[in-house]
Amino acid sequence: MNSPLDADPPAPMETGGRRGRKPAPISAAAGLSHRAWLEPVRSHVFSSGLTLDDLVHRSGYSKTRISELLRGNGYYPAWEITFSVIRALGLPVRPMRRLWTAAAREARKGQWWIDHCIEQVACEPESPPVAHQAFTETMHAPYTAYARAFLLAEDRVRWSVGETFDLLWLSWNTVASSENVRRNAWLLLRSRVLARAAHRDGRPDLRAAVFSTDEVSDSVPGRLVVMTDLVDLFDAIARLPQDQMDVVVLRHLCGLDLEETIPYVTGLSPAITHAVDHHARAALEDLLHRAGIQE
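Thresholds, definitions, all that
- Residues numbered from 1 in each chain as written.
- Predicted model: local features only at pLDDT ≥ 70, side-chain atom pairs only at ≥ 80, totals over all residues.
- Heavy atoms only, no water.
- Helix = DSSP H or I, 4+ residues; strand = E, 2+ residues; numbered from the N terminus.
- Contact = heavy atoms within 4.5 Å.
- Areas by Shrake-Rupley, 256 points an atom, 1.4 Å probe, with all protein chains shown as cover.
- Core = buried A, V, L, I, M, F, W, Y, C linked by side-chain atoms within 4.5 Å.
- Buried < 20%, exposed > 50% of the residue type's maximum accessible area, 1.4 Å probe, protein only.
- Salt bridge = Lys/Arg side-chain N within 4 Å of Asp/Glu carboxyl O.
- Phe/Tyr/Trp six-rings, centres within 6.5 Å; stacked < 30°, edge-to-face > 60°.
- Lys NZ or Arg CZ within 6 Å of the ring centre and 35° of its normal.
- Axes fitted to C-alpha atoms, helices over the stretch in contact; angles between N-to-C directions.
- Parallel < 35°, antiparallel > 145°, perpendicular 65-115°, else oblique.
- Nonpolar A, V, L, I, M, F, W, Y, C, P; charged D, E, K, R; others polar.
- Arc of directions from axis to C-beta.

K.L.:
Mind showing me how you'd approach the overall build of the protein chain here?
P.N.:
For the protein chain, the count of helices and strands is 15 helices and two strands. Sequence-distant contacts in the protein chain: of pairs separated by 6 or more residues, those separated by 24 or more amount to 70%. For the protein chain, the exposed area adds up to about 15100 Å²; of that, 51% sits on carbon and sulfur atoms.

Below, the structure written as structure tokens:
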């Protein structure tokens, strides 16, 4: 799934209105975390109007090296060349360094290599925009609750939520100027969470969340029956269209309020949120009825 940052490219930099040639596709060998930062960087390159020659001049690296970096081809790039390219594009360093580090670990780079790469580049202290910082503080709890419903493992939950906020910071000027900041941010979070979630039959697999719900405990009579019914219910939730699935997960698994909190978090209007919830409940009833299960 493409992120909203891909669909809504950053505003062009001042380069006389020229456009550079769009880079070749990202290598299939690039991992999830590598693609996470590579896609917005490529988007910035293309929208900036900078040519490969411009990046060579500004970064001090050869065309071959920069082309490989932009395609995610060959070895995972060292921080020094990555830093040079993002500085040429005017992108913030701090979130990019975290994104680069996470992808380096995913690429099985040792901590000694990561530390050595980072030590080669001196970076000035950097703070996020005030609006981004406020947004992060507001959305951290609901974003984490949503991610936990799909990912369960706390390290993967933190990784996905942190990655989302860093990607938002990386393109904050573009995100902040969009018509619906909260909606674009939510779609980005969903894409990062579902990219790492377990899948079954092409759908996210929510069945494991049954074991973390309060409805299942050793004191419940007929516990195995309850668990079986919940597994079927959670499986049905995962088969809903994505907006319906989001609303059901946020309302029933995360405990968020339908009237105000869910519309605010997802960027949907209250009227649309209610309509989505209504359609989701009807769809669930139909799915469970066809499966021979009473809700």
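K.L.:
Is there a simple way to explain the nonpolar core in this structure?
P.N.:
Note that soluble globular proteins tend to have their nonpolar side chains buried in a common cluster. Core analysis: the largest hydrophobic core is formed by 78 residues, its most contacted members being Trp37, Tyr143, Tyr146 and Phe150. The leading source of residues in this core is helix α8 (residues 130-151), at eight residues. Apart from the residues lying within four places of it in its own chain, the contact partners of Tyr143 are Phe135, Val161, Thr164, Phe165, Arg182, Ala185, Trp186, Leu189 and Val265.

K.L.:
Could you clarify how one ought to interpret the pattern of salt bridges in this entry?
P.N.:
Once the charged atoms of two side chains with opposite charge are near each other, the side chains can pair. On inspection of all chains with the given rule, the structure shows 13 salt bridges. Between Arg196 and Glu163 there is a salt bridge, with the nearest N and O atoms lying 2.9 Å from each other. Taken together, the residues span a long stretch of sequence, with Arg196 in helix α11 (residues 181-196) and Glu163 in helix α9 (residues 154-170) at a distance of 33 residues. Taken as a pair, Arg196 and Glu163 share a single burial class, namely buried. With its nearest N and O atoms 2.6 Å apart, the salt bridge here joins Asp243 to Arg190. One end of the pair, Asp243, is in helix α13 (residues 242-253); the other, Arg190, is in helix α11, and 53 residues separate them in sequence. A relative accessible area of 27% places Asp243 in the partly exposed class. For Arg190, a relative accessible area of 4% corresponds to the buried category. When salt bridges with common partners are traced through the structure, they connect Arg183, Arg190, Asp243 and Asp246 into a single cluster.

K.L.:
In this structure, what is going on with the packing of aromatic side chains? I would like to understand it.
P.N.:
The geometry of two aromatic rings is summed up by the distance between their centres and the angle between their planes. Tallying each qualifying case throughout the model produces 12 aromatic pairs. Taking the centre distance of 5.8 Å and the plane angle of 65 degrees together, the rings of Tyr143 and Trp186 count as edge-to-face. Placement of Tyr143 in helix α8 and of Trp186 in helix α11 is noted, with a sequence separation of 43 residues between them. Overall, Tyr143 belongs to the buried group, its relative accessible area being 0%. Judged by its relative accessible area of 0%, Trp186 is buried. One aromatic cluster is present, formed by Phe135, Tyr143, Tyr146, Phe150, Phe165, Trp172 and Trp186 through successive ring pairs. Cation over ring: Lys109 sits above Trp113, and NZ or CZ is 4.7 Å from the ring centre. When the ring centre of Trp159 is taken as origin, the NZ or CZ atom of Arg196, which lies over that ring, is 4.6 Å away.

K.L.:
Would you take a moment to explain the environment of Val41 for this structure?
P.N.:
The topology assignment puts Val41 in helix α2 (residues 32-48). Taking the C-alpha atoms as reference, Val41 lies 8.0 Å from Leu70; in sequence the two are 29 residues apart. Setting aside its immediate chain neighbours within four residues, Val41 contacts Leu70, Ile86, Leu89, Leu91 and Met96.

K.L.:
Would you explain unusual backbone geometry in this entry?
P.N.:
Residues apart from glycine generally show negative phi values, whereas peptide bonds are mostly found in trans. Even without a glycine there, the phi angle at Leu152 is positive, about 65 degrees. Classification of Leu152 as partly exposed rests on a relative accessible area of 33%.

K.L.:
Help me understand the packing of helix α4 (residues 63-71) against helix α5 (residues 79-89) in this model?
P.N.:
The description of two helices packed together rests on the angle between their axes and the distance between the axes. Across the interface, α4 lies against α5 with an axial gap of 11 Å and an inter-helix angle of 85 degrees. The orientation of α4 with respect to α5, classified from their angle, is roughly perpendicular. In contact with Arg65, Ile66 and Leu69 of α4, α5 contributes Ile81, Thr82 and Val85. For the contact of α4 with α5, the per-class residue count stands at four nonpolar, one polar and one charged.

K.L.:
Quick question: what am I supposed to make of helix α7 (residues 111-119) here?
P.N.:
Along an α-helix, residues three or four apart share an orientation, since each turn contains 3.6 residues. By the burial criterion, the buried members of α7 are Trp113, Ile114 and Cys117. For α7, the buried positions fall inside an angular range of 100 degrees around the axis, keeping them on one side. In α7, the exposed positions angled more than 90 degrees off the buried face are occupied by Trp112 and Glu119. Buried positions along α7 lie against α5 and α6 (93-106).

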